Amino acid sequence: MPWSDHHRRAARYNRWINHSLYQVCMTLDDQQLNQDVGLFFGSINGCWNHLVITDLLWLSRMSNAYPILEELHNIEFPRKLDGHISDDIRQLWALREKIDDVLIRWCDLLRQSDATAVIEYRSTAGDDYAKTLDQVLQHLFNHQTHHRGQITAALSALKINFGATDLLFAPLDDG
């Protein structure tokens, strides 16, 4: 499978599982969403905030090379990993939908030659790095999977059925 097909599939899975889990999370009350349950970013809402922020951060780092990503420029967000955008799960969901839509459309445009494009960036700690686009995208999607795993663990502790999360059950339209 060409590398770009892998990321097209990952972007579609990402949209599907984010939609599924946000729908479940939108049934929770504010205490369940915002209570510190020991996740990396405290609460379920803390994890969702972190994922929106980090995706916006990564995509802003690449927007000069990929103009489609400029669609996200008008979204203001804190430039720190433990930042906070909103306590309102619906507001986070609206941002997540927009990000996931852009990710899918962007991954659909990727060419084989993009795999080795070098992305130079400065971390939030101020360190300079250079990674290939393939590495960055793999990290971006893997990072989301990691934190969604924390969210599903918190939902499990609340005895909430969040349904199947496996890639094999996702209704992907990737051919």
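Located above this text is the structure these notes cover.
This is a predicted model, so every value here is computed, not measured.

### Topic: the nonpolar core
Then comes step 1: Ranked by internal contacts, the top residues of the largest apolar core, which has 55 residues, are W48, M62 and W106.
Then comes step 2: Contributing elements (two or more residues each) for this core: α1 (3–25), α3 (44–62), α4 (89–109), β1 (118–122) and α5 (133–157).
Then comes step 3: The leading source of residues in this core is α3, at 11 residues.
Then comes step 4: For M62, the residues in contact, after removing those within four places along its chain, are L69, W106, I119, L133 and V136.

### Notes on the pattern of salt bridges
Then comes step 1: With the rule as written, the count across this model stands at 8 salt bridges.
Then comes step 2: Put simply, R96 and D55 hold a salt bridge, and the shortest N to O gap is 2.6 Å. Residue R96 is located in helix α4, and its partner D55 is located in helix α3; the two are separated by 41 residues in the primary sequence. Of the two residues, R96 and D55, both sit in the buried class.
Then comes step 3: The residue D114 makes a salt bridge to R111 at a minimum N-O spacing of 3.3 Å.

### Points about the packing of aromatic side chains
Then comes step 1: One pass over the full model with this rule turns up 6 aromatic pairs.
Then comes step 2: Taking 4.7 Å as the distance between ring centres and 65 degrees as the angle between the ring planes, the aromatic pair formed by W58 and Y121 counts as edge-to-face. Taken as a pair, W58 in helix α3 and Y121 in strand β1 lie far apart in primary sequence, 63 residues in all. For the residue pair W58 and Y121, the accessibility class agrees, reading buried in each case.
Then comes step 3: Feature note: the residues Y22, W48 and W93 constitute an aromatic cluster, connected by ring pairs.

What counts as what
- Residues numbered from 1 in each chain as written.
- Predicted model: local features only at pLDDT ≥ 70, side-chain atom pairs only at ≥ 80, totals over all residues.
- Heavy atoms only, no water.
- Core = buried A, V, L, I, M, F, W, Y, C linked by side-chain atoms within 4.5 Å.
- Buried < 20%, exposed > 50% of the residue type's maximum accessible area, 1.4 Å probe, protein only.
- Helix = DSSP H or I, 4+ residues; strand = E, 2+ residues; numbered from the N terminus.
- Contact = heavy atoms within 4.5 Å.
- Salt bridge = Lys/Arg side-chain N within 4 Å of Asp/Glu carboxyl O.
- Phe/Tyr/Trp six-rings, centres within 6.5 Å; stacked < 30°, edge-to-face > 60°.

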